[in-house]
Every structure is written in C-alpha cells, then in structure tokens.
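So the chains spell out like this:
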Amino acid sequence: MEEIDFIKKSVKQWAKPEKVQGSLLNFPSSNYIHPSPFGVSLIIGAWNYPFQLTLAPLVGAIAAGNCAILKPSEMTPHTSALIKEMIESTFDDAYIAVVEGGIPVNQTLLKQPFDKIFFTGSPAVGKIVMKAAAENLTSVTLELGGKSPCIVEKTADLEVAARRIVWGRVVNGGRTCEGPDYLVVHEEVKKAFVDKLKKYITEQYGSNPLESPDYPRIINRKHFDRLTAYLSNGQVVAGGETIAEENYIAPTLLDEVAWEDDVMQEEIFGPILPILTYSNEDLLIAKIRKLPKPLAFYMFSTNRSTQKKFLKTLDFGGASVNDTISHLINPHLPFGGVGNSGAGAYHGKASFDVFTHFKSVMKRANWLDVPLRYAPYKGKLQLIKQAFKWMA
Ligand code: NAD
C-alpha cells in the first residue's frame, strides 16, 4: 500500500516529458526525454512471497502505462487463485490478465513476443528466461537470489546484531530471497555471539518452535529433503529437530562450517544458518569477491572505516549495515541484484523506470541550417576548428 501511495503521488511528475539541454552541433533545437511504456509485460512471480512478488512489479507496470500478464507461482496455488480472482474482478483482461500454471505454461508464455519480461526466481531459471527473451530481443529484468553474506565484526553490538540476524534468517521460515544466507563472525566474538543467537531464537520462537504460531513449515517434501541433507554439515548447536510428516525443520544454527561444505554451495532458502569465522578482513573480502555476486550484503560493525572498506570492495545488489533485509522496505532505494543475483531493479521510482522506455527526441528548427555537415567537405575542417577556437 505504501508503494502504491508513493507511486500514485509521484507518477504524474515522472511521466512528464523532460526538457534537456541541447547540443551545440544541433543548434537550434529543443530536446526532450519522453517516458513511454514498453507495451505488454510478462511478470513471473516466485512462491516465497507469492502475493507481493507478483503484485509489486505490477504496480510499476501499471504506473508506466503497460498492459501485463501475470504468472504467479504454481507452488502456492491458493495465492495464485486469489490473485486471479482479484485481478479478474478489477481489470479488463485485455489490459491486465493472469495466467496460472507451472513450467509448461511458463515455457509457452516465454515463447511469445512480449515487450518486457520481469522475472522473480532462481538464478537457474533466470538463465532460461534470459535465453527465451533473447529470441525476441525482449527487454528483461531478473530479480534472482543467491548466497547473501552476513559479517559480524568484533566492534558490532552483539546483542542487537543477534536479534536482527535471527529475525532476518528465520522470518518466513528462512525463505526470503535476500535473507542472510551465512554468517562469518570474527573469531574473537564467535562464542559469545553464538550464545546470543540461541537466546534470540528462543525469545522469538519459544523453546519449542514447533508450537510457535509464527513459525512456518517447509513448503514441500522436495525442499524438506534438500534442507535436511545440510544438517550433517558442521555441528548443530541449536535446533536440528525435523518432522518429515509436517515438513518441519526447527530454526537451526550450524557451527564450525567450512567454505567447502555442501551448505555453502547453493542458496539455502530455509531456516538453517551456517556459521564460519574469520580473523583477517582482507582475506575474507578476497574470499567473498571470488563467489558469485550476492543479492544482499550485511555487515554488523560500529567501525565506520571497516564498514566503508567492505561496502566499497564487495559487489552486491543492496546492503543493510547493522540490520538485515530492511533496506528493501525503503521505496527510495532501488531493489535488485547484480550478476548472478539479477539484472535491473524496482521499488519506488525504479519500478516506474524499469517498465519504461525513455524515448529521446530532438526537434530541430528550420531557420538555420549550417551547411558544414553536408559533403563536399574540402576546406571545412579548418573552418570548424576556427569556429570552436572562437567559441572557447
Ligand atoms: P523458480 O526459479 O523455481 O521459479 C520462479 C518461476 O519460474 C515460477 O513461476 C515457475 O513457474 C517458473 N519456472 C520454474 N522452472 C521453470 C522452467 N524450467 N522454465 C520456465 N519457467 C520455470 O524460483 P522459486 O523457487 O519460485 O523461488 C525461489 C528463488 O527465487 C530463490 O532463488 C530466491 O532467492 C529467488 N527470489 C528472488 C527474489 C528477488 O526479489 N530478487 C524474491 C523472491 C525469490
């Protein structure tokens, strides 16, 4: 709602043609940038926030003047059906339509010559989408995921850091695209910090998270099996309980994890937090720089020069310092990844821009037509040089 209100207030201004400075070589002329819709957009959503990830891009598509087809995730069929019902009762389907279905439906949609494709999902499917978009040379925005690092430096406020990291990792059962995927804690504070993480898991989800009304289950058996396989990595120091019949995995801390372990190879997307340690920040930066570029980066530190060093030298979509996830809430900050975590951004003004083609238009006056640019060119170079000298 905040995003809709913000965009409604601003869209008139954003959609206006903007007059820009002319160039001497085109004198006399007036020059404009005309925002115009791409045309028909395809918006493909992921399942972890199935409502938000389908409708938030739609807000931008509508603001910029596009028609759109929405394809919500088939993994959340109830939300998908609700979105269809809402959209059908609100919009003419020649303007905004919903197409439900799984991979075959998506494959069929991706063959159509859309003017814009906006995809939210995994890097693996992002590649499929980008290849399909290439066939029609369609503009594509990819909102993907990946392994977002979370560094806890020794100057961090450990109490606040533990509370905010537990929230960021465990909220929505750990299925937040830009949630902190793994922790790297300075070795001097590691032990104290792990104790605080345990304390906040209990404080937020009780001593038995199975009974917490705020703690969800894993979406299906496939993901349950994928996640439980990680529990043999490192050492379980909190949680670790599983109930297959319920797809339940307790919020789990894995200590003593190594960079080579399975849990460090793919995005976890579940309530499991691996903990690694570091002592030398330059080596840590060098290590992270070798990994695919993450969607988010988190740093808990009260040392400004250390914060600056990490923020400047690492590549990532967006970052929160001394918090997790929260930078995405601000509509004034574009949200998106880079490299393996995505291409393009949205939220706020960026949502309008991502669904807009900015037409450049120059209107030339007829009353002056300096013949310098027309052939024959013999002798004209000297004239041009003199003219520029005179103007300098
Ligand atoms: P996914 O890539 O499996 O599926 C996303 C969409 O692609 C679904 O609508 C699905 O129907 C379709 N799809 C799946 N396989 C396909 C195929 N072979 N061909 C064509 N279409 C196909 O992703 P997911 O499991 O729904 O979501 C999890 C991933 O999404 C994670 O990597 C997460 O980090 C990422 N994610 C990113 C953001 C973001 O805003 N950057 C938000 C949420 C989730």
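Keep in mind it's a predicted model, so treat the numbers as computed, not measured.

Which parts of the structure should I look at to understand the overall build of the protein?
Within the protein one finds twelve helices and 18 strands. Along the first, second and third principal axes, the C-alpha set of the protein runs to 85 × 55 × 35 Å. When each of the 392 residues of the protein is scored for burial, the buried share is 44%. The long-range fraction of contacts in the protein, counting pairs at least 24 apart against all pairs at least 6 apart in sequence, stands at 68%. Of the roughly 20,100 Å² of accessible surface on the protein, a fraction of 57% belongs to carbon and sulfur atoms. For the protein, the distance from the average position of its 43 positive side-chain charges to the average position of its 41 negative side-chain charges is 13 Å.

Can you help me understand the side chain of Asn66 in this one?
In this structure, Asn66 sits in the loop between α2 (52–63) and β4 (67–71). A relative accessible area of 0% places Asn66 in the buried class. For Asn66, the side chain forms a polar contact with the main-chain oxygen of Phe355, separated by 3.0 Å. In contact with Asn66, other than residues within four places in its own chain, are Pro37, Phe38, Gly39, Ser41, Ala61, Tyr95, Ile96 and Phe355.

I would appreciate a short explanation of the site of the ligand in the present structure.
Close to the ligand lie 26 residues; Glu74, Asn106, Ser122, Leu144 and Glu267 are nearest. In the environment of the ligand, an oxygen atom lies 2.6 Å from a nitrogen or oxygen atom belonging to the side chain of Glu74. In this structure, an oxygen atom belonging to the ligand sits 2.7 Å away from a side-chain N or O atom of Ser122. When isolated, the ligand has an accessible area of 850 Å², and the protein chains bury 90% of it.

What should I look at first to understand the side chain of Ser41 in this one?
Tracing the backbone shows Ser41 in strand β3 (residues 40–44). Within the structure, the side chain of Ser41 is placed 3.4 Å from the side chain of Asn66, a separation counted as a polar contact.

Would you mind going over empty space enclosed by the protein with me for this structure?
Over the atoms a probe the size of a water molecule is rolled, and this reveals where empty space is left. Summed over the entire model, instances satisfying the criterion amount to two cavities of 30 Å³ or more. Taken as a whole, the largest cavity holds about 40 Å³ of empty space. Around the largest cavity, the lining residues are Ile165, Val166, Arg169, Val170, Ile201, Pro251, Thr252, Leu253, Pro271 and Leu273. Taken together, the elements giving at least two residues each to the lining of the largest cavity come down to α6 (158–170) and β13 (252–255).

Teacher, can you tell me more about the packing of α6 against helix α7 (residues 190–205) here?
Two quantities define a packed helix pair, namely the angle between the helix axes and the distance between the axes. The interhelical angle for the contact between α6 and α7, taken along N-to-C directions, is 55 degrees, at an axis separation of 8 Å. Taken together, the axes of α6 and α7 lie oblique to each other. You can see that α6 and α7 cross each other, and the crossing is right-handed. Residue-level inspection shows Leu158, Glu159, Ala161, Ala162, Arg163, Ile165, Val166, Trp167 and Val170 of α6 in contact with α7, the latter providing Ala192, Phe193, Lys196, Leu197, Lys199, Tyr200, Ile201, Gln204 and Tyr205.

Teacher, can you tell me more about the pattern of salt bridges here?
Oppositely charged side chains can form a pair if their charged atoms are brought close together. Taken as a whole, this structure holds 14 salt bridges when the rule is applied. Here the salt bridges share partners, and the residues they tie into one network are Glu159, Lys196 and Lys199.

It is not clear to me how the layout of surface pockets should be interpreted in this structure. Could you clarify?
In this model, the second largest pocket occupies a volume close to 660 Å³. With seven residues, α2 is the single largest residue contributor to the lining of the second largest pocket. Counted by class, the lining of the second largest pocket contains 17 nonpolar, three polar and three charged residues. Per-domain counts for the lining of the second largest pocket show at least three residues from each of domain 1 (2–145 + 341–360) and domain 2 (149–336).

What counts as what
- Residues numbered from 1 in each chain as written.
- Predicted model: local features only at pLDDT ≥ 70, side-chain atom pairs only at ≥ 80, totals over all residues.
- Heavy atoms only, no water.
- Helix = DSSP H or I, 4+ residues; strand = E, 2+ residues; numbered from the N terminus.
- Buried < 20%, exposed > 50% of the residue type's maximum accessible area, 1.4 Å probe, protein only.
- Contact = heavy atoms within 4.5 Å.
- Areas by Shrake-Rupley, 256 points an atom, 1.4 Å probe, with all protein chains shown as cover.
- Lys, Arg positive; Asp, Glu negative; His and termini not counted.
- Charge placed at Lys NZ, Arg CZ, Asp CG, Glu CD.
- Polar contact = N/O pair within 3.5 Å; in protein donor to acceptor, adjacent residues only side chain to side chain.
- Near = heavy atom within 4 Å.
- 1 Å grid on protein atoms, 1.4 Å probe; cavity = no way out; pocket = protein on both sides within 12 Å on 5 of 7 lines; lining within 4 Å.
- Points joined across faces, edges and corners; volume = space filled by probe spheres on them.
- Axes fitted to C-alpha atoms, helices over the stretch in contact; angles between N-to-C directions.
- Parallel < 35°, antiparallel > 145°, perpendicular 65-115°, else oblique.
- Left-handed = near helix turned anticlockwise from the far one by under 90°.
- Salt bridge = Lys/Arg side-chain N within 4 Å of Asp/Glu carboxyl O.
- Nonpolar A, V, L, I, M, F, W, Y, C, P; charged D, E, K, R; others polar.
- Domains from an automatic or database assignment.

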